[in-house]
Every structure is written in C-alpha cells, then in structure tokens.
Amino acid sequence: MKLTKHHSKLIVPDCLTVPFIEGDGVGKEISDVNRQVVNKAVETAYNGQRSIEWKEVFAGEKAFRETGEWLPVETLETFREYLVGIKGPLTTPVGEGIRSLNVALRQTLDLYVCLRPVRWFRGVASPIKEPQKVNMTIFRENTEDIYAGIEWAQGTPEAARVLKFLKEEMNVKNIRFEETSAFGIKPVSVEGTERLVRAAITYALENGLPAVTLVHKGNIMKFTEGGFKKWGYALAEREFEREIKEGKIVINDCIADAFLQNTLLTPEKYSVVATLNLNGDYISDQLAAMVGGIGIAPGANINYQSGHAIFEATHGTAPDIAGKNIVNPCSLILSSVMLLEYIGWKKAAELITESLSKLFINGEATLDLSRFMANGKPMGTIQFGERLTSLIN
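Residues numbered from 1 in each chain as written. Predicted model: local features only at pLDDT ≥ 70, side-chain atom pairs only at ≥ 80, totals over all residues. Heavy atoms only, no water.

Participant: What exactly am I supposed to notice about unusual backbone geometry here?
Facilitator: With the exception of glycine, the majority of residues adopt a negative phi angle, and the majority of peptide bonds are in the trans configuration. Of note, Asp110 is a non-glycine position whose phi angle comes to about 55°, a positive value. With respect to the helices, strands and loops of the structure, Asp110 is situated in the loop between helix 4 (101-108) and strand 6 (113-119). Taking the relative accessible area as the measure of exposure, Asp110 reaches 27% and is therefore partly exposed. One non-glycine residue, Asn171, lies in positive phi territory at about 60°. Mapping Asn171 onto the fold places it in the loop between helix 5 (157-168) and strand 9 (183-185). (Helix = DSSP H or I, 4+ residues; strand = E, 2+ residues; numbered from the N terminus. Buried < 20%, exposed > 50% of the residue type's maximum accessible area, 1.4 Å probe, protein only.)

Okay, structure coming up:
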C-alpha cells in the first residue's frame, strides 16, 4: 500500500510499499543487507503488525542494460506515486545522457532539501579529539545554486555570446581572461531560500534543538549568498517571531569558511545548519569525515510540502571493491533509519541505531572502520549484516 499525504499529515499504512533503486557498483551488496536489516527491525518493533513491501525500480547501469535508458520515466513516476523511496549509489554516464542521475531525481521531484544528519558512534575512530561534540543536521538547498547547472564551456559560441552580453549590455569590466573563460550562473531565489529555512527551523523546533545557523558567503557574493542570509532572517522573523521571542529558537549566521574552521574547533555550538548547495556539499563531507567517514553518513532528499522523499547512500559506486564482500552498508542502513523516522516508525529506527552502536563499541565493523578501531574486528558485508540483524531483538 502507498504512503499518502492529507493536508500536512503523512498517512502511513501498516504494510507500506517502498520503491528502491538497487544502485550500481556496490549497490546490490548494500541494498540486499539494508532490506534484511530493515525487515527485521520493523517486524521486531511492531510484533509483525507492520511490514515493508519492497518494489524495485531501475536507474543507472542496470536500467540502461534492461531498457536502454539511464533513468526511465517509469522510475520517476513510481517515486512520484509512492512518495517515499530509497536508492543505492548511481553511475552517471560520461559524455552522454543525463548530466547527473541524482540531480535529475532531485530536480524532477523538486526535492529541495538535502538532509544530512551527522553524529558520532562510540567506538568509531575519528581524526578529531572530541567527536562526541559533533551532532548536527545539515539542510542543504537541493535545486538552485550550482545544481541548476547553468554553464557555458570555454571556446564555444555560447560562451562568446555570454561574454558579449556581459561587456556590452551589463558593463562588466572585471573579467581577467576574457577569451579563455568559461561562464556559469548560480540562481538563488527568495522562494527557494524561504522554503529551505522554514524546513530547517521547523525541524529544530520539533526536535527541541536550540539554534539554526545560516551558512553563506555573503561577504563576497552579496546578492546570491548575501540574499540567502537576508531572506532567511526575514522569513524567521516573519513566521517564527513568537518562538524567537520566547527563546525556543535562536537564528544566527556564519561565513562559510569561518564555519568550516568552527566545526573543528567548537562543533558543539551548532545543531541545525541551513545553507546553499555548494557550501552544503563541502560542509556535509567534512562533518562526515570528523565522525568516521562517509561510509556511515546517511542522507535524504525531501520536499516537505508534497511529502516526496528519497533516502540514499551518500557515497559513490566504488566499482573497485564491488562484489568483494567488503563494502560498508551503514550509509544506506542509516538512511533507512531516516526513512523510518520520516514515516513515524521511530521504534524500528531506534532498534537499528541501538544495535549498530553495540557493534561499533565492540569493534565489529567492515574493514574501512575496523582497521582504525583499537579493538577492531573486521567483518565482510554479508557477515556484518547478519550480525547486525541478530542483535535486533
């Protein structure tokens, strides 16, 4: 049965159909383990009264082999119809086809929030002294900025036309190497900013978190990044005036480069972050490295207005290790935890997180994590999944 949305509330059936894309490279391995873990958690949490029915849809190399298309229309329509879904990593075709399969999914379904929660699990090795202080949720804008993909290659007639327009119509005089420059445009809108910041503040209030920090480069890009800051503050003051006055939430901001430094020095000062696309890319990957790496970094792409959400592994396809039973499935598993939380099945989500914590404290992990643990016990992908499943009870 399908997830539906009535007004602002998700209606979740006890037997929920969830479309999934297996993914390329290591995708099959992590997807198989993920479904096994989630099925056990849901069955255990609700005594068999709830379940997930998995519906495979195709994208990437598997889709191209079977249909001749990298992203079939049927896949997009299935995600549109069922509201939620989950996906493994996808290969983007080189020199042909879609610019990015991930971007295409996000743009088509208008999944304007890239949600990246970052936390540390005790037992996981970290390059910083106090990783326990890192506990942030990143709201990264997912449809504008560089993801709009507006560029013109150096040496093309289009680039020459852009240059001519900039010089003759816009009186631009500070392009240093005119004839060898490529050009790009980053659109940042009031509407795009407002819906992202609104989602971040709402999330913070619903989860009892103290602050939302707007991260930007407005000191240099005054009308795009600076606009993001200005419009974000205006939205907060207009729609959350009472909560701000009552001290339920603090809205502040930080320049992006200073923020990256601060996350290393004083990460405990930040809880929820709202930022544009490119900044969010840097920030989420740095934070993931601080708590052990992208192998345990979950992610989601969400439209809080329509209810559409696709949860995903945040790492790549890793073809060099595909089929070797060594890939870490935790990014996809923790993304499923996010899915379960999103639909309100929090008990099942907690069972998975608690069981993962037990494994890591005991040094049980795939090789990418266990090799840095003081008591590390390396496990294969399949064995890790079986061990995790056995702890869910």
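Next comes the rest of the account.
Participant: Teacher, can you tell me more about the packing of helix 11 (residues 330-342) against helix 12 (residues 346-361) here?
Facilitator: To characterise two packed helices, one gives the angle between the axes of the helices and the distance between these axes. Helix 12 packs onto helix 11 with a crossing angle of 150° between their chain directions and a minimal axis gap of 7 Å. With respect to each other, helix 11 and helix 12 are oriented roughly antiparallel. Between helix 11 and helix 12 lies a crossing of left-handed hand. Mapping the contact onto sequence places Cys330, Ile333, Leu334, Val337, Leu340 and Glu341 in helix 11 and Lys346, Ala348, Ala349, Ile352, Thr353, Leu356 and Phe360 in helix 12. Across the contact of helix 11 with helix 12, the residue classes break down as ten nonpolar, one polar and two charged. (Axes fitted to C-alpha atoms, helices over the stretch in contact; angles between N-to-C directions. Parallel < 35°, antiparallel > 145°, perpendicular 65-115°, else oblique. Left-handed = near helix turned anticlockwise from the far one by under 90°. Contact = heavy atoms within 4.5 Å. Nonpolar A, V, L, I, M, F, W, Y, C, P; charged D, E, K, R; others polar.)

Participant: Would you mind showing me how to read the sheet that holds strand 3 (residues 15-21) here?
Facilitator: Two orientations exist for strands paired in a sheet by backbone hydrogen bonds: parallel and antiparallel. Across the sheet, ten strands lie side by side as 4-3-5-14-13-6-7-12-10-11; this open sheet has mixed pairing. The open sheet has two edge strands with one neighbour each: strand 4 (51-57) and strand 11 (250-255). Across the sheet, the mean angle separating the axes of adjacent strands is 25° when strand polarity is ignored. (Pairing = 2+ DSSP bridges.)

Participant: Before we go on, may I ask you to explain the pattern of salt bridges in this structure?
Facilitator: If the charged atoms of two oppositely charged side chains come close together, the side chains can form a pair. Within this structure, the stated rule accounts for 27 salt bridges. Between Arg35 and Asp32 there is a salt bridge whose closest N-O contact spans 2.8 Å. A residue pair is termed a helical-turn pair when its members lie 3 or 4 positions apart in one helix, as Arg35 and Asp32 do in helix 1 (residues 27-45) at three residues. A residue is classified by how much of its surface remains accessible, and Asp32, at 31% relative accessible area, is partly exposed. Put simply, Glu246 and Lys248 hold a salt bridge, and the shortest N to O gap is 3.2 Å. Among the charged side chains, a network of salt bridges with common partners joins Glu194, Arg198, Arg238 and Glu239. (Salt bridge = Lys/Arg side-chain N within 4 Å of Asp/Glu carboxyl O.)

Participant: Help me understand helix 10 (residues 277-290) in this model?
Facilitator: Note: α-helices contain 3.6 residues per turn, so residues at a spacing of three or four share the same orientation. Under the 1.5 Å per step criterion, the end-to-end length of helix 10 is 20 Å for 14 residues, consistent within 8% with the ideal 20 Å. What helix 10 keeps buried is the set Asn277, Asn279, Gly280, Ile283, Ser284, Leu287, Ala288 and Met290. One side of helix 10 holds all its buried residues, which, seen down the axis, span an arc of 150°. Considering only its buried residues, helix 10 is in contact with strand 6, strand 7 (135-141), strand 10 (211-216), helix 7 (225-239), helix 9 (256-265) and strand 12 (272-275). Positioned one or two residues after helix 10, Gly292 has a phi angle of 130°, which is positive. (Expected span 1.5 Å × (residues − 1). Arc of directions from axis to C-beta.)

In short, shape yes, function no, at least from these values alone.
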